[in-house]
Amino acid sequence: MADEAQTARPSAETRRQQILDAACDQVRRSGFHGASMAEIAKAAGLSVGQIYRYFENKEAIIAAIVAQDLAEMREKFAELESRPGDLLDSISEHMPEAVDKCYDMGRAALVLEVLAEAARNSKVAAIVRAADCQERALSRAMLERNRKPDWSEAEFEARAEMIAVIFDGLIMRAVNNPGADRQALAGMMRKTLECLLS
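Residues numbered from 1 in each chain as written. Predicted model: local features only at pLDDT ≥ 70, side-chain atom pairs only at ≥ 80, totals over all residues. Heavy atoms only, no water.

**Let's talk about the overall build of the protein**
- Each helix and strand in the protein was counted, giving 10 helices and 0 strands.
- Listing each helix as α and each strand as β along the protein from the N terminus yields α-α-α-α-α-α-α-α-α-α.
- Based on the C-alpha atoms only, the size of the protein along its principal axes is roughly 65 × 40 × 30 Å.
- Residue burial in the protein is summarised as follows: out of 198 residues, 36% are buried.
- Sequence-distant contacts, at least 24 apart, represent 70% of the contacts inside the protein between residues at least 6 apart.
- Summed over its atoms, the accessible surface of the protein is roughly 11300 Å², and 55% of this surface lies on carbon and sulfur atoms.
- A distance of 3 Å separates the average location of the 26 positive side-chain charges in the protein from that of its 32 negative side-chain charges. (Helix = DSSP H or I, 4+ residues; strand = E, 2+ residues; numbered from the N terminus. Buried < 20%, exposed > 50% of the residue type's maximum accessible area, 1.4 Å probe, protein only. Contact = heavy atoms within 4.5 Å. Areas by Shrake-Rupley, 256 points an atom, 1.4 Å probe, with all protein chains shown as cover. Lys, Arg positive; Asp, Glu negative; His and termini not counted. Charge placed at Lys NZ, Arg CZ, Asp CG, Glu CD.)

Right under this line is the structure:
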């Protein structure tokens, strides 16, 4: 009987994910400041005390959300790097999926809330900037495959930064113009990346 109770009890990882999912929903709905720990706890079906067992504060929850996004990006980059042949072909194959992800309104709302909070909260800014630094390192390692000998270090960095600008910008465009033709955008993204990688 005790064994059955133990197997039915969610693991620490399951609990953490339950809290993160609830936090994401609350931040999307009410913003970072509006999403209180009490509301996150209620949405997760837990007590506030249980939330604090897993996360010290809201900044720690944000750090975990950002880390989760970064882990997903690492997987995607590893997948792209593992494919033989031209990097642009590998990226192009995933372009429709990447555009759809940027135009996911729930994701866009969460990303923009976190960025808005980073603009006024130094702890969240440090979390976001550290993640961006890791993302740039991953991107740079992948783009080395297409690096041209005549590119200076500054030009290489600028090309990589412009790719990030394009994808980050798509998230804002998802809010401003959600009805954009995603298929046409994916095609134009390919042409733009072709220019940046050649």
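**Concerning the environment of G45**
- Within the secondary structure, G45 sits in the loop between α3 (37-44) and α4 (48-54).
- Classification of G45 as exposed rests on a relative accessible area of 62%.
- Each C-alpha atom, one on G45 and one on E135, is 33 Å from the other, the two residues being 90 residues apart in sequence.

**A closer look at α3**
- For α3, the set of buried residues is M37, I40, A41 and A44. Down the axis of α3, the buried set is contained in an arc of 100°. They therefore lie on one face.
- On the buried face of α3, the contacting elements are α2 (12-34), α4 and α5 (58-82).
- Of the residues one or two after α3, G45 is the one with positive phi, at around 75°. (Arc of directions from axis to C-beta.)

**Focus: the state of the cysteines**
- Evaluated as defined, the whole model comprises 0 disulfides.
- With no disulfide of its own, C102 has C24 as its nearest cysteine by sulfur position, at a separation of 17 Å. (Disulfide = S-S within 2.5 Å.)

**Things to note about the pattern of salt bridges**
- Scanning all chains against the criterion turns up 16 salt bridges.
- A salt bridge links E79 to K76; the nearest nitrogen and oxygen atoms lie 3.5 Å apart. Residue E79 and its partner K76 are located together in helix α5, separated by 3 residues, close to a single helical turn.
- Of the charged contacts in the structure, one is a salt bridge between R147 and E153, with a shortest N-O distance of 2.9 Å.
- The class for R147 is partly exposed, based on a relative accessible area of 23%. (Salt bridge = Lys/Arg side-chain N within 4 Å of Asp/Glu carboxyl O.)

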